[in-house]
Amino acid sequence: MPAEASTLPERSPLSLQNRWRERKVISALYGVRCQACGTPQLSQIGQALRVCVNCQARDRFEDYKFSDKKGRLFSYAIDQLQPTLNPPGVNGVVDFEGGGRLICELTDCDLDKVRVGMPVAMTFRKMYQLRGLVNYFWKARPAE
Amino acid sequence: MESIKDRVAIVGMGCSKFGERWDKGVEDLIVEAAYEAFEDAGIGPKDIQAAWVGTVFSGLSAITLAPLQLQYIPMTRVENMCATGSEALRAASYAVAAGVCDVALAVGVEKLKDSGQTGVKGPAVVGDNSEGSSGIGPGYSAPASFAYLATRYFHDYKLKPEEGKRLLAQIAVKNHHNGSLNPKAHFQNELTVEQVMNAPIIAWPLGLFDCCGVSDGAAAAVVTRADMARNFRADPIYIKGLQINVGARQGAMMQDYDFVHIEENVLGSRKVYAEAGVKDPRQEISCAEVHDCFSIHELIVYEDLGFSPRGRAREDIEAGTFTLAGALPVNTDGGLKCFGHPLGASGLRMMYEVYKQLQGKAGPRQVKNPRLGLTHNLGGNAGTGVCSCFIVGNEK
């Protein structure tokens, strides 16, 4: 049964060009690790990272895979307005073992059991479909 | 590097009625605010030598100001999220300080209610490209992006949800009381703590009355050289500091960010205190207009701006420190919560209230013997943002 449409304004159209450039992030949750300071990092909006968020070294990155890293929930927000296929929108600040942070949607969780410090793992999911394009990306699920 | 302190003065201000202005367009709002500012400064539109307009969604380029029919002068549109109105004032002030014009106009405007939708339009993800998105941002609402702060604040300071929500409710109640004394505010009603606590949840733990009004409105300022200010009026307001401080997603990407403060607020306020020569903001600031887009953010601003010691805003909220009768009244005009938040207008709306307070013209909301006033905006959210911190005073 279709969920009631969100009252929030429609999202920006998906860009195939942007998604092609960032295909490694989108399909395998790759980020980068700075070779100067060792900080793992992940773009929050699908942009290439060129300058390190921690030490500002330019273009000294190696690929770093986040999809297999365990994480913990640093904070969360349960959103009644969010346009999601899985309402209400449950969102978390996920801190990965070994470093790096992603703010993303949560899934497969019991609302009453979501808590700060909850262990999570990443899972590849359908986010939404817009103008004929299906958007797949990563969500966090409880891993207790 | 020179400070802006005492080089520029505000000699006229205007502010439209905020609210659901169904019968008025963006052009009406601009004319309403700008002509009040012209009359307040004792000038006409022909005296304006340059103008800046701040809007996030309500017009491209400075042609947005066409309704004023200023005749072929340099004009520019600026945009810096919720600091947009403040950014227009900063640009006009810098132009005057640079000596390239003597009388400049800053206008902020937003017509949010023409969209027919709830909330604020535009990219759902901060910094996302409205022409085409990667689609990887979760697209949660603005309330959710501030709910992370409340969740973590309650966790770190061991507040039960009921205790935390009761604490935040007192901020909304205060701001509605102030706004109920202000005919230009969007909402005209008082609220009770129980009403706030029992309101429908928008983004847990924030409820409807933890969220500010989404409004139409405009505000405007006329600025000139400080040494010319008394030619316009006997009580000009002098600019003491103008700081903008912008993040680069550090908090969203690195684990050392704690979600119980906003780094942009902390650094931006320290810089403006240094520029204005303020040593102890709690003692020296007479009144402040801060960015209460969500109740939790006003609480965090108390701590970030040094009004309350870190982690101890609760004591000040419960003691009434920030009420009209308190030691440091905050959001005396009702704030974003009650006055409303037309994005591009808000920074200048805040300055309008501080300007009136410092001139002793705030009516039933007047604070006692004010000397320095502060305005503060935060665009973006916990994780990355655009912060403005301005200080003005009534003595040179």
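Just so you know, these numbers come straight off a predicted model, no measurement behind them. (Residues numbered from 1 in each chain as written. Chains lettered and ligands numbered in written order. Predicted model: local features only at pLDDT ≥ 70, side-chain atom pairs only at ≥ 80, totals over all residues. Heavy atoms only, no water.)

Here we look at the overall build of chain A
- For chain A, the count of helices and strands is two helices and eight strands.
- In chain A, the succession of helices and strands from N to C terminus is α-α-β-β-β-β-β-β-β-β.
- For 144 residues, the compact-globule formula gives about 15 Å, and the C-alpha radius of gyration of chain A, at 16 Å, lands near that figure.
- Seen along its three principal axes, the alpha-carbon backbone of chain A occupies a region of about 50 × 35 × 20 Å. (Helix = DSSP H or I, 4+ residues; strand = E, 2+ residues; numbered from the N terminus. Rg over C-alpha atoms; globule rule 2.2 N^0.38 Å.)

Details of the environment of B:Glu318
Residue and element names in this part refer to chain B.
- On the secondary structure map, Glu318 appears in helix H10 (residues 313–319).
- The partly exposed category is assigned to Glu318, whose relative accessible area is 48%.
- Distance from Glu318 to Ile171, taken between C-alpha atoms, is 9.9 Å for residues 147 residues apart in sequence.
- Setting aside its immediate chain neighbours within four residues, Glu318 contacts Leu167 and Gln170. (Buried < 20%, exposed > 50% of the residue type's maximum accessible area, 1.4 Å probe, protein only. Contact = heavy atoms within 4.5 Å.)

Some points on the pairing of strand E4 (residues 71–79) of chain A
- With eight of nine residues buried, E4(A) lies mostly within the body of the structure.
- Bridging between E4(A) and strand E7 (residues 119–130) of chain A involves two bridges; their strand directions are antiparallel. The partner of A:Arg72 across the bridge, within E7(A), is A:Pro119.
- Relative to strand E5 (residues 89–96) of chain A, E4(A) runs antiparallel, the two being bridged by eight bridges. By the bridge assignment, A:Ser75 is partnered in E5(A) with A:Val93.
- Here two bridges tie E4(A) to strand E5 (residues 201–204) of chain B, and the two strands are oriented antiparallel to one another. The residue of E5(B) that forms the bridge with A:Ile78 is B:Trp204. (Pairing = 2+ DSSP bridges.)

Notes on the interface of chain B and chain A
- Taken together, the contact between chain B and chain A spans 43 residues of the former and 47 residues of the latter.
- In total, about 3800 Å² of surface goes out of reach between chain B and chain A, with carbon and sulfur atoms giving 60% of it.
- Looking at the side of chain B facing chain A, the largest losses of area belong to B:Ile136, B:Met253 and B:Gln255, adding up to 20% of the total buried there.
- Linking chain B with chain A are zero salt bridges, by the criterion used here.
- Across the chain B-chain A interface, the total number found is 16 residue pairs in polar contact (both at pLDDT 80 or more).
- Considering every element that reaches the side of chain B that touches chain A, the biggest residue donor is helix H3 (residues 142–156) of chain B, with seven residues.
- Classifying every residue of the side of chain B that touches chain A by side-chain character gives 21 nonpolar, 17 polar and five charged. (Buried area = accessible area lost by both parts, 1.4 Å probe. Salt bridge = Lys/Arg side-chain N within 4 Å of Asp/Glu carboxyl O. Polar contact = N/O pair within 3.5 Å; in protein donor to acceptor, adjacent residues only side chain to side chain. Nonpolar A, V, L, I, M, F, W, Y, C, P; charged D, E, K, R; others polar.)

Points about the sheet that holds strand E1 (residues 30–34) of chain A
All names here are of chain A.
- Ordered in space as E2-E1-E3, the three strands form an open sheet in which the pairing is antiparallel. On the outer flanks of this sheet lie strand E2 (40–41) and strand E3 (61–65), each paired with one strand and no other.
- Sheet topology note: the E1/E3 ladder contains five bridges and is antiparallel. For Arg33, the partnering residue across the bridge sits in E3 and is Glu62.

Regarding the pairing of strand E2 (residues 50–54) of chain B
All names here are of chain B.
- Summarising burial for E2: five of the five residues are buried, a large majority.
- Residues Ala50, Trp52 and Gly54 point to one face of E2 and Ala51 and Val53 to the other, with burial holding for every one of them.
- Sheet topology note: the E2/strand E4 (residues 103–111) ladder contains five bridges and is parallel. Residue pairing in the sheet places Ala50 in a bridge with Ala104 of E4.
- Note that E2 and strand E3 (residues 75–78) share four bridges and pair parallel. Opposite Ala51, over in E3, you have Met75 as the bridge partner.

Looking at the state of the cysteines
Residue and element names in this part refer to chain B.
- Summed over all chains, the structure comprises zero disulfides over all chains.
- Here Cys211 is not cross-linked by a disulfide; its sulfur's nearest cysteine counterpart is in Cys212, at 7.4 Å.
- Overall, Cys211 belongs to the buried group, its relative accessible area being 10%.
- The cysteine Cys287 is free of any disulfide, with Cys389 supplying the nearest cysteine sulfur at 15 Å. (Disulfide = S-S within 2.5 Å.)

Quick word on the packing of helix H7 (residues 263–276) of chain B against helix H9 (residues 295–304) of chain B
Residues and elements named next belong to chain B.
- Contact geometry for H7 and H9: axes closest at 9 Å, N-to-C directions at 45°. In this view, H7 runs oblique relative to H9, as classed from their interaxial angle. H9 is crossed by H7, and the crossing has right-handed handedness. For the pair H7 and H9, the contacting residues are Asn265, Val266, Ser269 and Arg270 in the first and His297, Val301 and Asp304 in the second.
- Split by residue class, the contact of H7 with H9 holds two nonpolar, three polar and two charged. (Axes fitted to C-alpha atoms, helices over the stretch in contact; angles between N-to-C directions. Parallel < 35°, antiparallel > 145°, perpendicular 65-115°, else oblique. Left-handed = near helix turned anticlockwise from the far one by under 90°.)

Here's the deal with H7(B)
Residues and elements named next belong to chain B.
- An ideal rise of 1.5 Å per residue puts 20 Å on 14 residues; H7 measures up with 20 Å between its terminal C-alpha atoms.
- Among the residues of H7, those classed as buried are Glu264, Asn265, Val266, Gly268, Ser269, Val272, Tyr273, Glu275 and Ala276.
- Buried-residue contacts for H7 involve strand E8 (237–246), helix H8 (281–284), H9, strand E10 (372–381) and strand E11 (384–393).
- At the exit of H7 stands Gly277, carrying a positive phi of roughly 75°. (Expected span 1.5 Å × (residues − 1).)

What to know about unusual backbone geometry
- For the peptide bond that leads from A:Pro87 to A:Pro88, omega is -5°, which places it in the cis range.
- With an omega of 5°, the peptide bond running from B:Trp204 to B:Pro205 counts as cis.
- Considering the arrangement of structural elements, one finds B:Pro205 in the loop between E5 and strand E6 (206–207).
- With a phi angle near 55°, A:Asp59 is a residue other than glycine that sits in the positive phi range.
- Look at A:Asp59 and you get partly exposed, because its relative accessible area is 36%.
- Positive phi is not limited to glycine here, since A:Arg131 has a value of about 50°.
- Given a relative accessible area of 63%, A:Arg131 falls into the exposed group.

Description of the sheet that holds E10(B)
Residue and element names in this part refer to chain B.
- In spatial order, the strands read E3-E2-E4-E7-E1-E8-E11-E10-E9; together these nine strands make up an open sheet with mixed pairing. Where the open sheet ends on each side, the last strands, each with one partner, are E3 and strand E9 (287–289). Strand-to-strand twist in this sheet, taken as the mean axis angle between neighbours without regard to direction, amounts to 25°.
- In this sheet, strand E7 (residues 216–225) lies alongside E4 in antiparallel orientation, the contact comprising nine bridges. Paired with Gly108 across the two strands is Ala219, which belongs to E7.

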